[in-house]
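Survey of secondary and tertiary structure
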Amino acid sequence: MTDLNLESIHMTKFSGFKLMVLALGATLLSACGGESEPESAAVAPTTGPSGSEQAQAYYAANPDFFSFKTPADIPTDLVWEDGADLPDIGSPEAKTGGIQYEAMQDYPRTLRHVGPDSNGSFRNWILDNVAVMLAHRHPDEFDYYPGLATSWAVSPATKTVYIKLDPDARWSDGEPVTADDYFFLFFFNRSEHIVAPWYNNWYGTQYTNISKYDDYTISMTMPEAKPDMLTHALEHTPVPEHFYADFGPDFVDRYQWSFVPTTGAYYIKDEDIAKGRSVTLTRVENWWADDKKFWRNRYNAEQVYISVIRDTAKMFEAFKVGDLDMFGLSLAEYWYEKLPDTDPDVQNGYIHKSVFYNQRPRPNYGLWINTDRPLLNNLDVRLGINYATNWDLVIEKYFRGEYQRMNTAFDGFGEFSNAAVRARPFDIDKAQEHFAAAGFTQRGPDGILTNAEGQRLSFTVTSGYESLAPVLTILKEEAAKAGLDFRIEVLDGTAAFKKVQEKQHEIQFTAFGVFLEMYPRFWESYHSDNAYDDAFLEDGSVNPARQIKVQTNNLESFADYEFDQLVNQYTVASDKDEMVQLAHQMIQMHHDHASFVPGFVQSFYRIGHWRWVKFPENFNHKHSDSAGELFVHWFDPAVKEETLAARRSGQAFEPQINVYDQYKEEL
Amino acid sequence: MRLRLNPQTLKKLRRFREIKRGYYSFVILMAIVVVSLFGELLINNRALVVSYEGELFFPTYTDFHPGTDFGFQYSYETNYRDLQARFEQEGGDNWVLLPLVPYSPNENHTVTGIFKADPPSFEQKHYLGTDTTSRDILARLFYGTRIALFFSLGFLAAVYAIGISVGSAMGYLGGWFDLLFQRVIEIWSNIPFLYMVIIIFSVIPATFSISTRIAILLAVMVLFSWTSMTYYMRTETYKQKARDYVSAARIIGASDARIIFHHVLPNTLATMVTFMPFTIVSAITAVTALDFLGFGLPPPTPSLGELLKQGTENLRTAPWIVMSAFGTLVVILTLVTFIGEAVRESFDPKKFTVYK
């Protein structure tokens with residue numbers, strides 16, 4: 001899928017790492033890179049113990065965490081589930097073969113799955129949308145369907161999930177996937193060599209034990225029996241132990257451009273990496289999951305050719321001439337202006353347009369206010385900013401009323417979301433009341449408020465979304481009415497991310513990718529651990545010597561002692577009702593703190609695709625995020641030829657503009 | 001310093017006037033510069049004159065007037081178009097005189113209820129249409145051009161000041177000074193200019209006001225552009241220094257300063273003047289290119305480059321954007337080029353030779 005930035009959200013599938021929704025900008029400098037640099041050749045072979053030997057030593061050193069047991073140790077009273085009753089995902093009509101033509105804005109900086117630069121949007125092609133995990137959430141039913149596992153069982157009393165592995169599962173290089181690869185997963189992700197502190201922390205704290213009963217049976221134990229224990233246990237892609245023979249401190253460089261064997265249907269040949277230009281995915285021959293119920297008739301294209309097109313406008317033109325098969329039309333500009341229903345290609349039925357409404361947690365676009373900054377640490381100023389930000393106008397006039405106002409940073413989590421909390425409307429009078437309470441009473445010669453010391457009410461709003469800069473210019477014009485000045489700073493995506501990670505921002509317009517899970521996370525963005533080093537003293541009062549903590553997701557420098565206690569309770573709570581109640585309480589507190597101005601949510605995605613791209617009859621998955629992510633589409637070369645010939649001769653087909661709104665929800 | 005124009009130079013200026021194409025281009029360009037100085041009176045969302053309850057207001061250059069000043073309920077800046085409509089409706093003695101184009105370059109003004117590019121409309125007074133967020137293109141073009149023009153004039157002045165001083169010094173002093181600076185310039189001019197601008201500009205904090213940012217951009221561009229001028233000045237000074245009249249002046253006992261300012265510099269005028277238009281063109285092009293790439297002036301500053309970018313992105317759906325931006329750029333650059341051609345011709349000592 002060629003998606004516009006609103007949808008190009010990438011994240012690690014497996015529970016946890018929330019990422020900034022990046023519209024990774026291409027810097028000019030990176031454009032000059034040579035075609036091939038013999039980096040991997042420059043790395044000398046290691047002489048130390050192999051990855052496998054290191055892992056064995058690590059297991060031996062941590063016997064409490066890594067247990068080797070026998071099948072007799074598996075409790076007999078378990079209730080095994082296998083998701084077999086869920087409906088198929090692929091369509092029996094699908095045809096295999098053909099090439100899917102795709103484009104990406106930026107060349108991937110690495111093929112590693114972890115470590116520096118590995119969180120680019122290219123992950124989708126090698127990991128998130130392709131690699132098979134133990135089990136996946138069904139895109140309509142939310143329940144799990146099997147991937148690498150055949151069945152699983154939860155034992156809440158022992159906080160353990162038992163998993164039976166599919167003996168058919170193979171890595172793309174032909175090696176079988178066994179329990180050892182899951183052990184290696186923990187060794188790998190807890191190693192400092194991967195330079196990924198978040199993974200180190202997650203795998204070090206969120207699990208207490210992994211046990212192997214035989215080559216195809218494992219169990220994982222967690223510190224708390226959370227309502228979504230299955231997520232924590234099942235959403236894993238193992239790490240191939242046999243591949244990391246040279247694992248060591250030089251991991252980051254050594255494996256920079258090595259394709260990691262995958263459990264999924266597509267792999268990358270070395271010769272298909274044309275640096276700076278394109279990457280081609282090739283389908284694994286006789287893929288192990290070809291005949292599995294939930295995997296058959298998917299990943300139908302023989303190859304996926306992804307080329308670099310740095311400019312969205314150019315990408316669209318490439319789509320329009322048929323060089324790309326699909327294009328995300330989520331932005332109104334594209335849907336109504338650039339490819340209107342009256343476009344000849346649409347009217348003649350060569351290009352089909354579809355809107356899909358979906359239901360899932362949404363990326364939280366909004367203004368993140370750094371409360372560590374002067375003036376912004378004043379609640380009245382923040383409240384004023386909330387009232388002075390005219391999202392409604394942006395939604396109504398710029399997004400043409402198609403998006404909805406986001407109410408909290410935690411929308412879309414069902415009962416965990418607090419529906420009673422509504423975002424503050426644009427209200428000049430209320431904004432001025434709050435600004436006045438903060439001492440800003442006089443309007444300067446340009447209409448911007450000043451206080452008694454002559455300070456102007458002016459803040460920098462930083463963003464990495466170049467394509468959303470118009471949103472900020474509209475907000476700026478409106479805020480000026482309330483006497484508030486926004487200085488707009490639109491940076492390259494990477495530079496903006498860097499700035500916010502260094503906590504150098506005043507106000508940041510950004511969003512985190514949220515993925516399909518049961519309940520929102522609070523610790524990452526709102527616990528004081530991620531705002532300051534030693535935020536509070538023993539008695540809960542503010543530590544006067546506290547230092548801001550960088551490189552965390554707490555963009556608001558949100559630190560509240562009481563809130564911390566609630567987050568801690570929430571983290572250990574195992575009762576769903578208790579968690580719901582805590583979530584509601586925290587969402588209310590976060591709203592009262594006014595350090596976030598909720599922006600907009602998009603409750604649908606839209607694509608345009610050429611006639612030769614076919615989707616299953618019933619295609620419109622409730623929890624899907626983009627049309628391409630499930631790989632249920634297929635390509636019909638005969639139809640492609642027919643369409644292109646018809647286009648030349650002027651022959652028309654039935655136009656198709658489809659709206660799938662059965663999952664439309666009122667927000 | 002006083003440059004006494006010698007009869008030769010006066011003759012050259014007369015010659016310039018005779019070259020009609022160049023001369024009129026110069027007149028037009030100067031007119032544009034002068035008009036743009038008073039642009040707020042022509043293109044602005046603030047009224048020129050408001051007559052309200054017997055009192056006259058001239059809001060263009062004054063502090064802002066909150067709506068309450070004119071009987072509106074709101075405390076933010078008066079919308080003078082609404083005010084005009086209201087006065088007409090009320091039919092009293094109050095009246096508003098709006099500028100020709102009653103829009104500011106940053107204001108989103110839509111007639112359709114949606115912020116999108118609208119084609120030119122005389123009725124709405126969007127004479128060149130609106131851009132993708134419903135801002136008036138004429139207003140953005142006008143102020144964008146003004147910034148670009150004054151930016152390039154500032155650029156010219158700075159580059160010339162440095163280029164001429166260093167170049168002349170190199171030529172006149174010669175010796176180790178010349179050698180040293182030649183090497184410095186060789187190294188300096190090998191630093192890729194565009195990347196440097198991008199890198200430096202990306203670390204400048206946004207807390208600086210827009211005019212400060214423009215000044216910094218100017219400084220950075222000058223820093224990497226002064227070198228080209230030095231070499232021309234160096235050769236020219238070398239040439240003049242070897243002439244008999246310089247030797248004569250020296251024998252009479254003229255000081256170095258007198259020789260440089262009274263004898264050498266006036267005789268290098270041809271070189272200086274000839275390069276002027278090209279320097280301006282390169283400055284306008286550079287600042288446009290930087291904006292086009294998104295590394296120039298911060299939004300929402302109106303700029304030609306930003307408009308060009310919007311235009312190329314909406315080539316098929318909103319051709320009026322690219323047409324206005326491109327048209328303006330062509331006109332300005334053509335005018336400057338014509339002037340340059342005429343200047344070169346009039347300052348050319350070989351009046352009747354033809355370049356082949």
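Residues numbered from 1 in each chain as written. Chains lettered and ligands numbered in written order. Predicted model: local features only at pLDDT ≥ 70, side-chain atom pairs only at ≥ 80, totals over all residues.

Before going further, it helps to examine the overall build of chain A. Broken down by element type, chain A carries 19 helices and 32 strands. Relative to its length of 667 residues, chain A is compact, with a C-alpha radius of gyration of 26 Å against a globular reference of 26 Å. Projected onto the principal axes, the alpha-carbon positions of chain A cover approximately 75 × 75 × 50 Å. Residues counted as buried form 50% of the 667 residues belonging to chain A. (Helix = DSSP H or I, 4+ residues; strand = E, 2+ residues; numbered from the N terminus. Rg over C-alpha atoms; globule rule 2.2 N^0.38 Å. Buried ≥ 20, exposed ≤ 12 C-beta atoms within 10 Å, placed from the backbone.)

Let's shift gears to the overall build of chain B. Within chain B, the secondary structure is distributed over 13 helices and 3 strands. In terms of overall dimensions, chain B has C-alpha extents of about 85 × 45 × 40 Å along its principal axes. Taken across its 356 residues, chain B has 37% of its residues classed as buried.

Another point: the nonpolar core. Residue and element names in this part refer to chain A. Ranked by size, the top nonpolar core spans 100 residues in total, and within it I163, F183 and L234 carry the most contacts. Among the elements that line this core, the one with the most residues is helix α4 (residues 179–189), at 7 residues. When neighbours within four sequence positions are excluded, F183 is seen to be in contact with A55, Y59, F66, I210 and K212. Membership of the second largest hydrophobic core comes to 75 residues, among which are I369, L472, L555 and A594. (Core = buried A, V, L, I, M, F, W, Y, C linked by C-beta atoms within 7 Å. Contact = placed C-beta atoms within 7 Å.)

Turning our attention to the sheet that holds strand β32 (residues 657–660) of chain A. Residues and elements named next belong to chain A. If you walk across this open sheet you meet the 4 strands as β15-β29-β16-β32, and the pairing is mixed. Because the sheet does not close on itself, it has two edges, and the strands there are β15 (326–328) and β32. Sheet twist, expressed as the average angle between the axes of neighbouring strands with direction ignored, equals 20 degrees. Sheet topology note: the strand β16 (residues 351–357)/strand β29 (residues 604–610) ladder contains 7 bridges and is antiparallel. Across the sheet, the residue bridging to I351 is W610, located in β29. (Pairing = 2+ DSSP bridges. Axes fitted to C-alpha atoms, helices over the stretch in contact; angles between N-to-C directions.)

The next thing to look at is helix α7 (residues 210–223) of chain B. All names here are of chain B. Between its first and last C-alpha atoms α7 spans 20 Å; for 14 residues at 1.5 Å apiece the expected length is 20 Å, and the two agree. Turning to α7, its buried residues are R213, I214, L217 and M221. Each buried residue of α7 lies within a common arc of 100 degrees when the element is viewed along its axis, so the set occupies one face. Across from the buried face of α7, at angles greater than 90 degrees, the exposed residues are S211 and T212. (Expected span 1.5 Å × (residues − 1). Arc of directions from axis to C-beta.)

The next subject is the interface of chain B and chain A. Counting residues at the interface gives 29 residues for chain B and 31 residues for chain A. Looking at the side of chain B that touches chain A, the elements with two or more residues in it are α6 (193–202) and α12 (304–313) of chain B. Ranked by residue count, the leading element in the side of chain B that touches chain A is α6(B), at 3 residues. Classifying every residue of the side of chain B that touches chain A gives 12 nonpolar, 12 polar and 5 charged. (Nonpolar A, V, L, I, M, F, W, Y, C, P; charged D, E, K, R; others polar.)

With that out of the way, let us pick up helix α8 (residues 312–320) of chain A. All names here are of chain A. When α8 is considered as a whole, its buried residues turn out to be T312, M315, F316 and F319. On an axial view of α8, the arc spanned by its buried residues comes to 100 degrees, and they lie on one face. Among the structural elements, β4 (99–104), β15 and α9 (332–338) are those in contact with the buried residues of α8.

Before going further, it helps to examine the environment of A:H434. Residue and element names in this part refer to chain A. Mapping H434 onto the fold places it in helix α13 (residues 428–437). Residue H434 is classed as buried on the basis of its 24 C-beta neighbours within 10 Å. A sequence separation of 148 residues divides H434 from L582, and the C-alpha atoms of the two residues are 29 Å apart. Not counting residues up to four positions away in its chain, the partners in contact with H434 are D380, L383, G384 and Y387.

Residues and elements named next belong to chain A. Taken in spatial order, the 5 strands line up as β22-β21-β23-β17-β27 in an open sheet, and their pairing is mixed. For this open sheet the edge positions go to β22 (485–490) and β27 (596–598), each flanked by a neighbour on one side alone. Here the average twist between neighbouring strands, direction ignored, is 25 degrees. Sitting on the sheet, helix α14 (residues 469–481) touches β21 (458–463), β22 and β23 (507–510), and the angle it makes with β22 is about 165 degrees.

As a further point, take the confidence of the model for chain B. Residues and elements named next belong to chain B. Residues at a pLDDT of 70 or more form 95% of chain B, whose mean pLDDT is 85. Within chain B, α6 has the poorest average pLDDT of any element, 75, and helix α2 (residues 20–37) the best, 92. Scored as a complex, the prediction yields pTM 0.81 and ipTM 0.82. (pLDDT = per-residue confidence, 0-100.)

All names here are of chain B. Summarising the sheet, strand β1 (residues 49–52) and strand β3 (residues 95–97) pair through 3 bridges and their orientation is antiparallel. Directly across from V49, in β3, lies its bridge partner L97. Bridge analysis of β1 against strand β2 (residues 55–57) gives 3 bridges, and the strand direction is antiparallel. By the bridge assignment, V50 is partnered in β2 with F57. Counted along the chain from β1 to the antiparallel partner β2, the turn is 2 residues long, and its residue E53 has a positive phi close to 50 degrees.

Residue and element names in this part refer to chain A. Positionally, D311 belongs in the loop between β14 (303–308) and α8. On the neighbour-count criterion, D311 (14 C-beta atoms within 10 Å) is partly exposed. D311 sits 205 residues away from D106 along the chain, and the two C-alpha atoms are 9.5 Å apart.

The geometry of a pair of packed helices is captured by two quantities: the angle between their axes and the separation between those axes. All names here are of chain B. Interhelical geometry of helix α4 (residues 137–173) versus α7 gives an angle of 40 degrees and a closest axis separation of 10 Å. Classified by the angle between their axes, α4 and α7 sit oblique to one another. Between α4 and α7 lies a crossing of right-handed hand. Every residue of α7 that contacts α4 at F151, G154, F155, A158 and V159 is listed here: I214, L218, M221 and V222. For the contact of α4 with α7, the residue count by class is 8 nonpolar, 1 polar and no charged. (Parallel < 35°, antiparallel > 145°, perpendicular 65-115°, else oblique. Left-handed = near helix turned anticlockwise from the far one by under 90°.)

Our focus in this paragraph is the confidence of the model for chain A. Of the residues in chain A, 93% reach a pLDDT of 70 or more, and the chain-wide mean stands at 87. Confidence drops under a pLDDT of 50 for residues 1–43 of chain A, and excluding neighbours within four residues, the segment shows 116 contacts in the predicted structure.

Within the chain, A:F631 stands out as a residue other than glycine whose phi angle is a positive 55 degrees. Relative to the elements of secondary structure, A:F631 occurs in the loop between β30 (613–614) and β31 (634–635).

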